[in-house]
Amino acid sequence: MPRRPVKLTAALAAALSLVPAGAPAHAQTPAPAPAASATAPAAVGLDDAAWQYAPDPHDRGRRRGWQRGRGAAPWRPVQLPHVFDARPRPSTFGGQVGWYRLRLRRPAGAPARFDWGVRFEQVRRVAQVWLDGRRVMSHRDPYAPFTVPLPALRDGRRHTLVVRVDSRKDDTVREGWWNWGGITRPATLVPLGRLVTASPGFLPERNCDATGGRCGWSVLVDAVVVNRAHRTLRPRLAARLVGPDGGAAGAAGARVRPLAPGERARVRFRLPVAGPVRLWQPGDPTLYDVALETRSGATLEQVDRARVGLRTVAVHDGALELNGRPVQLRGASIQEDVKGHGAALTDADIDAIVERLKALGADVTRAHYALDPRLADKLDEAGILVWAQAPVYHRDRLLETPAQRRRALGMVRAAVLATRNHPSTLTHSVANELSTIPDQVPGTAAFLRSARRLTRDLDPALPVAVDTLSYPGYGAQRAYAAFDLLGINAYFGWYPGKVAHSTANLADLGPYLDHMRAMYPAAGLVLTEFGAEATMDGPADVKETYAFQADYARDVLAVVRRHPEVSGTLWWTLQEFAIKPRWDGGALRTGVPRDSIHNKGLITYGGRRKPAWQVVHDDAVATPLFRPAAAARGAAPIRAPRAAGTGLGLVAGLGLLAAVALLLLVDAWALLGWRAASAAELRDAREAALRTAAAAGGDGDDRPRLRLIA
């Protein structure tokens, strides 16, 4: 299995956003890092340890003292990952309580100077942790990893770890996927030195001189170092890069200012890449190995390892580019949900998900939350891109207060830190399906501004995205225009939409895509969701039949082929998954029994392909990753920055021509009388185009200035 970086507590990871932006508190040392004088102890997987589980459906365990080893808890052996109940029964969707217990000690032979902690990749939803009957931590984010420091393990004796997991969900949380409860991802025993480097990032950069004639690669190392000791320490970081052939590919380091006990400092330095460079991309997913040592003087405190890929992702002139070339992505989204296991994926489940994506011909996938790191590693190796997303879903009502927004920003932070080292990560989307008019929803607008800034700070190597609801008849929003990428969740021809904002007619999808381009001329556009339920045989004009789903897929993909401004499509979803009880899914057929399975998948919950799978597959394999107009696959140079003061007349001319074309498009659209557009909306689209033309001379801001749509 690929090596993953040892990451630490969520509280330490959060420090990345707390350190002020500006000069880092260190000096870079370009000399090669010194050889290690000692080794740090290795982390120990706990999935196969002697875990025990006890259900607590009436939440009486605490009163009975289960956290202190009292009472007659019905303990039984389990392996991690684990869910309370892998059956999506309506009676359990609201959540319940379960307990886990493990007897553990520090690894034999480990240096006594290290403390230890248990890292949980995911616990849904709320975890409370006790060691030997003493409460040591609570954790409330069901999608963020966290580490529980356990300094008592230093004594070498056996201790009892107890975890109470409460999966009961507040009705205001709009997640539609199944509310799985338990320790749903792996757990690991990790060493903790006196210095802790929290969630280090290894971010690829390509830098060119002003003429674009000379370019080079580096890896930006970004981390927060925390002093856990009782005396002042002076940290030193040293990074090494190993190429795909096993040879040295670069080394660099940084000295950090002295840190008092409990103090932290953000560290950023660049690791130049030496020798010939091999890029990561679908079809050629070349990986490099990076190791980061954290030292105090000559003493080794921590070693972090990761596998990284050298690649660039950017948006230019509204086109999404990978390694400097416009792409046309094809794929399907996923949920971490397998029949019989729920969200507790086995290694075999992960392999099966990747193989199904490959069989589909997918070069991209997407999920509503950061993926299990085991799955993300496999996607890195397979060369399948990931539209990564924070689990901020339909949360406008939970973004109204500063405290609510801080919690949502914490979810964004955790998602970015979990995904930024994976070369498969295509973008970081900060939210899914918030208000269609965020400029008029103060809490949502404030969250989007903060989330965009936070994400760009944590990962400057990737574009920032947000996934939008697609209802026609709304105007451009400043809050969305500020993003590099816009995900379009469009179900024209399936869901009816809203009064005066109908999506009932598939023929309206094309004009809607034209409208999105007119409103957001600089943003990359990707169709991040489209799909239709299918559960039965029947005629193609009846919703919920396999024939209807297949025709629907064929028709939507035909629309996209006529709109080259759309840089990719993602069917929702690859495989069926469990969802809230009595889900209809948009078919609106009466008298049909409903279960808790989301039936838009191309593959049934039991693993059988539907006819629409072949339609999506055929389109994917017929669509080259890079647009045919681009240079030959694998050989095109990455776009270099334009020299200052050159080509401005050409840029202005091209900008004016584009603006005129945009005006003609808007006027033609108005004459055709697209029924969802209002006169005010058309006027504002024209004004946006005029502002784009006025700015063509270049004022340093490539985003259109759009006024509020009433």
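What you see is a predicted model, and the numbers here were worked out from it, not measured in a lab.

### Considering the environment of Leu458
Here Leu458 is to be found in helix H5 (residues 442–458). By relative accessible area, Leu458 is classed as buried at 0%. Sequence separation between Leu458 and Gly201 is 257 residues, and the spatial gap between their C-alpha atoms is 8.4 Å.

### Topic: the pairing of strand S8 (residues 134–139)
As paired strands, strand S7 (residues 126–131) and S8 are joined by five bridges and run antiparallel to one another. Within the sheet, the bridge partner assigned to Gln128 lies in S8 and is Ser138. If you look at the hairpin formed by S7 and S8, you'll find two residues sitting between the two strands, and Asp132 has a positive phi there, around 55°.

### Examining the pattern of salt bridges
Applying the stated criterion to the full structure yields 39 salt bridges. A salt bridge links Arg62 to Asp59; the nearest nitrogen and oxygen atoms lie 3.9 Å apart. Since its relative accessible area comes to 16%, Asp59 is described here as buried. Where Asp619 meets Arg561, a salt bridge forms, and the shortest distance between an N and an O atom there is 2.7 Å.

### Digging into the packing of aromatic side chains
For the coordinates displayed, the defined rule picks out 19 aromatic pairs. When the centroid spacing of 6.3 Å and the interplanar angle of 15° are considered together, the rings of Phe548 and Tyr552 count as stacked. With Phe548 and Tyr552 both in helix H8 (residues 546–561), this residue pair falls four residues apart, about one helical turn. We note that Phe548, like Tyr552, is buried. Pairwise contacts between aromatic rings join Tyr143, Trp177, Tyr369 and Tyr393 into one cluster.

### Remarks on the sheet that holds strand S4 (residues 76–77)
The pairing of strands in a sheet happens through backbone hydrogen bonds and is either parallel or antiparallel. Taken in spatial order, the six strands make up an open sheet running S4-S3-S5-S10-S7-S8, and their pairing is antiparallel. Where the open sheet ends on each side, the last strands, each with one partner, are S4 and S8. Pairing analysis gives two bridges linking strand S3 (residues 52–55) to S4, with the strands arranged antiparallel. When the bridges of S4 are listed, Gln52 appears paired with Pro77.

### Examining the state of the cysteines
What the rule picks out here adds up to one disulfide. Here Cys208 engages in a disulfide with Cys215; their sulfurs sit 2.0 Å apart. Residues Cys208 and Cys215 are joined by a disulfide whose S-S torsion is about 110°; by sign, that bridge is right-handed. A relative accessible area of 34% means that Cys215 is categorised as partly exposed.

### Observations concerning the packing of H8 against helix H9 (residues 611–622)
Two quantities define a packed helix pair, namely the angle between the helix axes and the distance between the axes. Contact geometry of H8 with H9 gives a least axis separation of 7 Å together with a crossing angle of 20°. Between H8 and H9, the crossing angle belongs to the class labelled roughly parallel. Where H8 crosses over H9, the two elements pack in a sense that is right-handed. Across the interface between the two elements, Tyr546, Gln549, Ala550, Ala553, Arg554, Leu557 and Arg561 from H8 touch Pro611, Ala612, Val615, Val616 and Asp619 from H9. In the contact of H8 with H9, the residues fall into eight nonpolar, one polar and three charged.

### Side note on the sheet that holds strand S22 (residues 319–322)
An order of S21-S22-S23 is seen for the three strands of this open sheet, with the pairing classed as antiparallel. Both edges of this open sheet fall to strand S21 (313–316) and strand S23 (325–326), since each of them pairs with a single strand only. As paired strands, S22 and S23 are joined by two bridges and run antiparallel to one another. What sits directly across from Glu321, in S23, is Pro326.

### Side note on unusual backbone geometry
Arg124 connects to Arg125 through a cis peptide bond whose omega is 5°. Looking at the element boundaries, Arg125 is found in the loop between strand S6 (115–120) and S7. For the bond from Trp572 to Thr573, the omega torsion is 0°, close enough to zero to count as cis. Residue placement: Thr573 occurs in the loop between strand S35 (566–571) and strand S36 (577–578). The backbone of Asp317 sits at a positive phi, close to 55°, despite the residue not being glycine. Turning to its location among the elements, Asp317 is positioned in the loop between S21 and S22. For Arg582, which is not glycine, the phi dihedral falls at a positive 60°.

Calculation rules
Residues numbered from 1 in each chain as written. Predicted model: local features only at pLDDT ≥ 70, side-chain atom pairs only at ≥ 80, totals over all residues. Heavy atoms only, no water. Helix = DSSP H or I, 4+ residues; strand = E, 2+ residues; numbered from the N terminus. Buried < 20%, exposed > 50% of the residue type's maximum accessible area, 1.4 Å probe, protein only. Pairing = 2+ DSSP bridges. Salt bridge = Lys/Arg side-chain N within 4 Å of Asp/Glu carboxyl O. Phe/Tyr/Trp six-rings, centres within 6.5 Å; stacked < 30°, edge-to-face > 60°. Disulfide = S-S within 2.5 Å. Axes fitted to C-alpha atoms, helices over the stretch in contact; angles between N-to-C directions. Parallel < 35°, antiparallel > 145°, perpendicular 65-115°, else oblique. Left-handed = near helix turned anticlockwise from the far one by under 90°. Contact = heavy atoms within 4.5 Å. Nonpolar A, V, L, I, M, F, W, Y, C, P; charged D, E, K, R; others polar.

Nothing here speaks to function; it is all geometry.
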